[in-house]
Amino acid sequence: MPEKNTPITMKDIARELGVSVATVSRALKGSHRISEKRRNEIVAYAHEHNFSPNLMAESLRANKTMKIIGVIIPQFTHFYFSSILSGIEDEALRHGYRLMVAQSDEDYQREVDTCRSFYENKVCGIIVAQAKGTYRYDHFQQLIDNGVPLVFYDRICTGVDASRVTVDDYMGAFSAVEYLIKTGCRKVAFYGSSMKLEISKNRFNGWHDALLKHGINPNECVTKLCDNREEAERLTPEVLQSDNRPDAFFAINDDTAIGIMYTAKRMGLRVPEDISVCGFTNGQRAVACDPMLTTVEQNGYEVGKQAADILISKAEGLTPVEKVEKRVVRTKLIIRGTTKKI
């Protein structure tokens, strides 16, 4: 059992009484699929241990105005996350749901507090992208143990078994780097995020494998931990002045790629004649820069729409809450002016 003052979960009840979480959930909802004896036993145990369930299903049936979905965005300023939010909202509104949206600002404790707040406000479920600073996953697991529908998007949490919607990061990166190589580039640098994040691992692996396929040693190419424009503008001058100067850069997002591009131009290099640059997002800034950025289209709107579809299906009982669903949205390389033509 949990320590004193730690909230008890349906998983705890199930373990103590030797039944499934689904059985506990049905008993607490008064389902006649469970024998009266067993139902009374579970309800009595829950009452004795001050169990406080999330009443999302009951609220949904009893009060149609309570159809609220909690959404956690790492940062509002990123085009990709705002496009995902648009997809979530449009799909939610189509089914009569409203959103309660919060920003983690990449902070672990803020993410934990937001999950608790959403739970206490009896949301019908939570859609979330893990913050960069997240290092423990108890807050996510507790939501699952209490029967709250949970769907990850973009930055998935491998520490818990939950539904998720991602893009094909590996193939998106592989295709982009292979294109750079086919245009004649042989020294393709990689700028990425922390390898604690699955998206960074997958994009790194796509970069790595594309080089190997074409006989290029990845260890001879530059790699940097860099995922924003400010850092790109700080790090890139030294990279471009080195003896091992890249002839191309593949960046984990558009802002980083744009930082690389403008740094190269300020140093007197031509893009793409001297340096090719490719990003990953295809946000509004990709077409607002000069030259316009070659990048991988993530289709954030579709990611959001799919995440909302999964969650609403669980909230309305069309799909079991415990069923884990994994969907992948395809990427597409958008070729513009920062890369050479084949």
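Above this text is the structure in question.
The structure presented is a predicted model; accordingly, all values stated were derived computationally and were not measured.

### Regarding unusual backbone geometry
Stage number 1. The omega torsion of the bond from V271 to P272 falls at 15 degrees, within 30 degrees of zero and hence cis.
Stage number 2. You can see P272 is positioned in the loop between α11 (254-266) and β9 (276-281).
Stage number 3. For the bond running from D290 to P291, omega is 0 degrees, close enough to zero to count as cis.
Stage number 4. The backbone phi angle of E106 is positive, close to 65 degrees, even though this residue is not glycine.
Stage number 5. Within the fold, E106 resides in the loop between β2 (98-103) and α6 (108-120).

### A short note on the sheet that holds strand β3 (residues 126-128)
Stage number 1. What the six strands build is an open sheet, ordered β2-β1-β3-β4-β5-β11; its pairing is parallel. Only two strands of the sheet have a single neighbouring strand rather than two, namely β2 and β11 (326-329). Along the sheet, successive strands turn relative to each other by an average axial angle of 20 degrees, direction set aside.
Stage number 2. Relative to strand β5 (residues 163-167), strand β4 (residues 150-153) runs parallel, the two sharing three bridges. Among the inter-strand pairings, Y153 is bridged to a residue of β5, identified as V165.
Stage number 3. With respect to the sheet, helix α5 (residues 79-94) is in contact with β1 (68-73), β2, β3, β4 and β5, its orientation differing from that of β2 by roughly 160 degrees.
Stage number 4. Relative to β4, helix α7 (residues 138-145) is tilted by about 140 degrees, and along the sheet it contacts β3 and β4.

### Re the environment of S175
Stage number 1. Checked against the element boundaries, S175 lands in helix α8 (residues 169-182).
Stage number 2. The exposure class of S175 is partly exposed, given its relative accessible area of 32%.
Stage number 3. In this structure, the C-alpha to C-alpha distance between S175 and N228, residues 53 residues apart in sequence, is 22 Å.

### Some details on the packing of α5 against helix α12 (residues 300-315)
Working note: a packed helix pair is described by the angle between its axes plus the distance between those axes.
Stage number 1. At a minimum axis separation of 6 Å, α5 and α12 run at an interaxial angle of 40 degrees. If you check the angle between α5 and α12, you find them oblique. Here the hand of the crossing between α5 and α12 comes out right-handed. The segment α5 lies against α12, with Y80, S83, I84, S86, G87, I88, D90, E91 and A92 engaging G300, Y301, V303, G304, K305, A308, D309 and I312.
Stage number 2. A per-class count over the contact of α5 with α12 returns eight nonpolar, five polar and four charged.

### Concerning the pattern of salt bridges
Stage number 1. Applying the stated rule across the entire model yields 20 salt bridges.
Stage number 2. Among the salt bridges present, the one from R15 reaches D12, with a minimum N-O distance of 2.9 Å. Here R15 and its partner D12 are both found in helix α1 (residues 10-17), three residues apart, which amounts to about one turn of the helix.
Stage number 3. Overall, R15 belongs to the partly exposed group, its relative accessible area being 48%.

### With respect to the packing of aromatic side chains
Stage number 1. All told, the structure shown has 11 aromatic pairs when counted by the stated rule.
Stage number 2. Between Y170 and F174, the aromatic rings sit 6.1 Å apart at their centres with planes inclined by 25 degrees, giving stacked as the arrangement. In this pair, Y170 and F174 are both assigned in helix α8, four residues apart and thus about one turn of the helix distant.
Stage number 3. Each residue in the set F190, F204, W207, F250 and F280 is aromatic and connected to the rest through ring pairs, giving one cluster.
Stage number 4. If you follow R203 out to its NZ or CZ, it ends over the ring of F280, 3.8 Å from the centre.

### A closer look at the packing of helix α2 (residues 21-28) against helix α3 (residues 36-48)
Stage number 1. The interhelical angle for the contact between α2 and α3, taken along N-to-C directions, is 85 degrees, at an axis separation of 9 Å. One element, α2, and the other, α3, form an angle in the roughly perpendicular class. Residue-level inspection shows T23, V24, A27 and L28 of α2 in contact with α3, the latter providing R39, I42, V43 and A46.

### Side note on the state of the cysteines
Stage number 1. In this structure the tally under the stated criterion is zero disulfides.
Stage number 2. No disulfide involves C124; its sulfur sits 16 Å from that of C115, the nearest cysteine.
Stage number 3. Summary of cysteine pairing: C185 is not part of a disulfide, and the nearest cysteine sulfur, belonging to C278, is at 10 Å.

### A short note on the nonpolar core
Stage number 1. Counting residues in hydrophobic clusters, the biggest one holds 25 residues, and the most contacted among them are I69, I127, Y153 and V303.
Stage number 2. Listing elements by their share of this core, those giving two or more residues are β1, α5, β4, β5 and α12.
Stage number 3. Looking at this core element by element, the count peaks at seven residues for α12.
Stage number 4. Other than its neighbours up to four places away in sequence, Y153 contacts I72, I73, P74, F81, I84, I127, V128, A129, V165 and V303.
Stage number 5. Judged by nonpolar contacts, the second largest core, of 22 residues, contains Y191, L240, A257 and A264.

Rules used in this analysis
- Residues numbered from 1 in each chain as written.
- Predicted model: local features only at pLDDT ≥ 70, side-chain atom pairs only at ≥ 80, totals over all residues.
- Heavy atoms only, no water.
- Helix = DSSP H or I, 4+ residues; strand = E, 2+ residues; numbered from the N terminus.
- Pairing = 2+ DSSP bridges.
- Axes fitted to C-alpha atoms, helices over the stretch in contact; angles between N-to-C directions.
- Contact = heavy atoms within 4.5 Å.
- Buried < 20%, exposed > 50% of the residue type's maximum accessible area, 1.4 Å probe, protein only.
- Parallel < 35°, antiparallel > 145°, perpendicular 65-115°, else oblique.
- Left-handed = near helix turned anticlockwise from the far one by under 90°.
- Nonpolar A, V, L, I, M, F, W, Y, C, P; charged D, E, K, R; others polar.
- Salt bridge = Lys/Arg side-chain N within 4 Å of Asp/Glu carboxyl O.
- Phe/Tyr/Trp six-rings, centres within 6.5 Å; stacked < 30°, edge-to-face > 60°.
- Lys NZ or Arg CZ within 6 Å of the ring centre and 35° of its normal.
- Disulfide = S-S within 2.5 Å.
- Core = buried A, V, L, I, M, F, W, Y, C linked by side-chain atoms within 4.5 Å.

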